[in-house]
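# Coordinate inspection notes
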Amino acid sequence: MNNSVVEIDGSFLEGGGQALRNALSLSAILKRPVRVVKIRANRPQPGLSHQHLHGVNLLRDITNANVTGNQLRSTELQFMPTTISGGSFKVETGTAASITLVYQMIMPALLYADKPSRTTAGGGTNVSFSPQVEYMQQVLQPNLKRFGICFDLKVLKHGFYPRGDGRCELAVEPLRSLKAAELIDFGRFSGFEGIAYYSGRLPKSVGDDMQHAAKREIHRLWTNYDCTIDVIKYDTAKQRHNGGGIHITARTTTGCVLGAGTVGQKIIKGHLIGLNAACELSGYIKNELCVDDHMQDQLIIYMALGSGISRIRTGPLTKHTRTAIYVAELMTGVKFNIDYDTSGRILLSCEGIGHRNAYI
Ligand SMILES: Nc1ncnc2c1ncn2[C@@H]1O[C@H](COP(=O)(O)OP(=O)(O)OP(=O)(O)O)[C@@H](O)[C@H]1O
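The paragraphs below set out a description of the structure included in this document. (Residues numbered from 1 in each chain as written. Predicted model: local features only at pLDDT ≥ 70, side-chain atom pairs only at ≥ 80, totals over all residues. Heavy atoms only, no water.)

### Focus: the sheet that holds strand β4 (residues 77–80)
- Strand order in this open sheet of four strands is β1-β2-β4-β3, and the pairing throughout is mixed. On the outer flanks of this sheet lie β1 (6–9) and β3 (66–68), each paired with one strand and no other. Taken over all neighbouring pairs, the strand axes of this sheet differ in orientation by 15° on average, direction set aside.
- Where strand β2 (residues 34–37) and β4 come together, three bridges link them in antiparallel fashion. Paired with R35 across the strands is Q78, a residue of β4.
- Across the sheet, helix α1 (residues 18–30) is in contact with β1, β2 and β4; its angle to β2 comes to roughly 175°. (Pairing = 2+ DSSP bridges. Helix = DSSP H or I, 4+ residues; strand = E, 2+ residues; numbered from the N terminus. Axes fitted to C-alpha atoms, helices over the stretch in contact; angles between N-to-C directions. Contact = heavy atoms within 4.5 Å.)

And the structure:
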């Protein structure tokens, strides 16, 4: 075990919260102390926000870590983990902080815990610039299955910006080690499905607009494929909690699962939201990508930890992905290789360290 403190520059490339999440997750798993400096330096309000702080404190409890700098807006943090314990955990953000991003920080560590875990979290379930809960359930889950990972995410109540008040429960099964995964064979496109949701005092027409716009665009491009987008009214903590958005999943015959979605802002323009999501997803399918833009960065940590060579076929690497690679290479010593196939798509690969769970 290497006990020297690894320093991570949180301002590098994307300069958002993801470098912090990945650094702390790897620190917990590898039991390597880490210091993250210039946290979220490229964001309008740098430092730890509620989401990051709650994630840090939750991971501290899971790993019995010694932490300094875990205050709101702190731009520097040191994390020294000891063990990884499963069991029951609870976090209340009291804001619309993204629940899925809190889960993004703790899930890798919980895979290497001594026993299964169940974590309830209160906050936002569908928040801009983060995975929606539907994305985590329908897209992240099958992609992580390729690494041998099993988790279950239940949405008990939806919650939106600015009130939050959503509630989820994440169950994670620990494993002995992660498999390497190959996501490079697109096969043939087999269909789209999705949901257009609205809540609170918003009328059903908001959901209908999203659905019609998305279906129109998809049918324009793929006249022969079935596309079901259900319009659903979501249950929220209070009648007046408005929210709306869309999530669409695409599947291929070889098991690739890609997703796209948009969460409505203050004024929800249903037709634009529906069109955006359909265009984003159609772009991936037309290019026969196996991994969508958002999944890219979320897979890096698992590729670095897996046993053997993982490969993914994807579009141009996002800044989030390059940031995740920077953190993973620094913390684990792996090397990611970027190649191009004959159509100019990216083949990203790495030989993982095959990290073993110390408890099972
Ligand atoms: N529409 C989306 N669908 C799925 N995942 C998304 C979507 N938008 C963003 N993400 C994911 O959410 C994460 C956002 O990381 P990022 O560092 O930008 O967020 P953050 O911690 O909220 O920090 P900040 O507030 O600093 O932006 C990334 O893993 C990204 O892939």
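From this point, things continue past the structure.
### Focus on the site of the ligand
- Near the ligand you find 18 residues, and of these R21, R40, R43, D297 and H320 are the closest.
- Here an oxygen atom of the ligand and a backbone polar atom of Q18 are 2.8 Å apart.
- One of the side-chain N or O atoms of D297 is found 2.6 Å from an oxygen atom in the ligand.
- In the complex, 88% of the free accessible area of the ligand, which totals 630 Å², lies under the protein chains.
- Residues that form the shell around the ligand fall into these classes: four nonpolar, ten polar and four charged. (Near = heavy atom within 4 Å. Polar contact = N/O pair within 3.5 Å; in protein donor to acceptor, adjacent residues only side chain to side chain. Areas by Shrake-Rupley, 256 points an atom, 1.4 Å probe, with all protein chains shown as cover. Nonpolar A, V, L, I, M, F, W, Y, C, P; charged D, E, K, R; others polar.)

### A look at the packing of aromatic side chains
- Per the counting criterion, the structure on display carries seven aromatic pairs.
- Feature note: the residues F160, Y197 and Y234 constitute an aromatic cluster, connected by ring pairs. (Phe/Tyr/Trp six-rings, centres within 6.5 Å; stacked < 30°, edge-to-face > 60°.)

### What to know about the pattern of salt bridges
- Tallied over the entire structure, the rule returns 15 salt bridges.
- D61 is the partner of R60 in a salt bridge, and the nearest nitrogen-oxygen pair spans 3.1 Å.
- The network of salt bridges with common partners includes R313, D341 and R345. (Salt bridge = Lys/Arg side-chain N within 4 Å of Asp/Glu carboxyl O.)

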